[in-house]
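The chain contents come next:
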Amino acid sequence: MERVKLLKKLYVSKYFGYDFFDDIKPTHNISYDSEYKSLEELRAEVFSCHLCELVKSKKNYVFGEGSHQAKLMFVGEAPGAYEDELGRPFVGRAGELLTKIVNNVLELDREDVYIANIVKCRPPNNATPTLEIANSCKGYLFKQIEIVKPKIIVALGSTAYRYLTSDMDAKITKIRGTVIEWGGIKLIPTYHPSYLLRNPSAKKDVFVDMKKVKAML
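About the cut-offs
All residue numbers refer to positions counted from 1 along the written sequence of the respective chain. The predicted origin of the model limits local features to residues at a pLDDT of at least 70 and limits the giving and counting of side-chain atom pairs to 80 or more, whereas totals for whole chains, interfaces and linings rest on all residues. Processing note: side-chain calculations cover all non-hydrogen atoms of the structure and skip hydrogens and water entirely. For helices, the fitted axis covers only the stretch in contact; all axes are lines through C-alpha atoms, and the angles between them, taken along N-to-C directions, range from 0 to 180 degrees. Segments assigned H or I by DSSP are reported as helices when at least four residues long, segments assigned E as strands when at least two residues long, and all are numbered from the N terminus. Between 65 and 115 degrees an angle is taken as roughly perpendicular, under 35 as roughly parallel, over 145 as roughly antiparallel, and anywhere else as oblique. Residues are treated as being in contact if the distance between any of their heavy atoms lies within 4.5 Å. Pairing between strands is defined by DSSP: at least two bridges between the two strands are required. Note: pLDDT gives the predictor's confidence per residue, expressed from 0 to 100.

This paragraph deals with the packing of helix α2 (residues 39–46) against helix α5 (residues 131–148). Between α2 and α5, the least distance of the axes is 10 Å, while the angle of their chain directions is 170°. Put simply, α2 runs roughly antiparallel to α5. Residue-level inspection shows Leu39, Leu42, Glu45 and Val46 of α2 in contact with α5, the latter providing Tyr140, Lys143, Gln144, Ile147 and Val148.

So this is what it looks like as structure tokens:
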């Protein structure tokens, strides 16, 4: 069974244009030659995915949502309990705060942006996804990025940033607000909304970061 799962991982990675599975990184300009030409087709593939053990414990796949032509994409690390229950990203308390940031700072509707996660299933007890799980899943995210073609990606928290860039030593306190050229897209890391719930004083930093994002849109 493990060999069958590994073989499917390799086939999925090949569909996304990767030569090696263990360390998925974007090319200079993101363009993966795969059979998925729309988010609907990709969603159907995600909903049949069994590439990692999270499929055994999750209630729902959490694919992502928002405008298919969004200029701005938010990427978190993984679904939480509310997201797992409803099959939608960022719908708990952290999601409510993210929506307020989009509405009040960026002066956009939530439907104007695209929201997704590194992994599509909730890890048990909201654990941080392992590198193996992230590498099993983030090819789907990279394909979402290719289809949506955002101008800017905001990485919410250090885990999302590390798995997007493979810079595993990055510290969010050092890099937040930095504009990074990543695969032809501007990538800006900032604090995760759940961190802001625990540390309200950091909201002022995210306000500054989002003003920077707004100026670039």
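The discussion continues.
Our focus in this paragraph is the sheet that holds strand β2 (residues 72–76). Ordered by their spatial adjacency, six strands build an open sheet running β1-β3-β2-β4-β6-β5, and the pairing between neighbours is mixed. The sheet is open, and its two edges are formed by β1 (65–66) and β5 (180–182), each paired on a single side. The sheet contact formed by strand β4 (residues 152–156) and strand β6 (residues 185–190) spans five bridges and is parallel. Paired with leucine 156 across the strands is threonine 190, a residue of β6.

Moving on to the confidence of the model for the protein chain. Averaged over every residue, the pLDDT of the protein chain is 88; the share at 70 or more is 83%. Long-range and interchain partners of residues 17–33, a stretch whose pLDDT sits below 50, account for 47 contacts in this model, where long-range means more than four residues apart.

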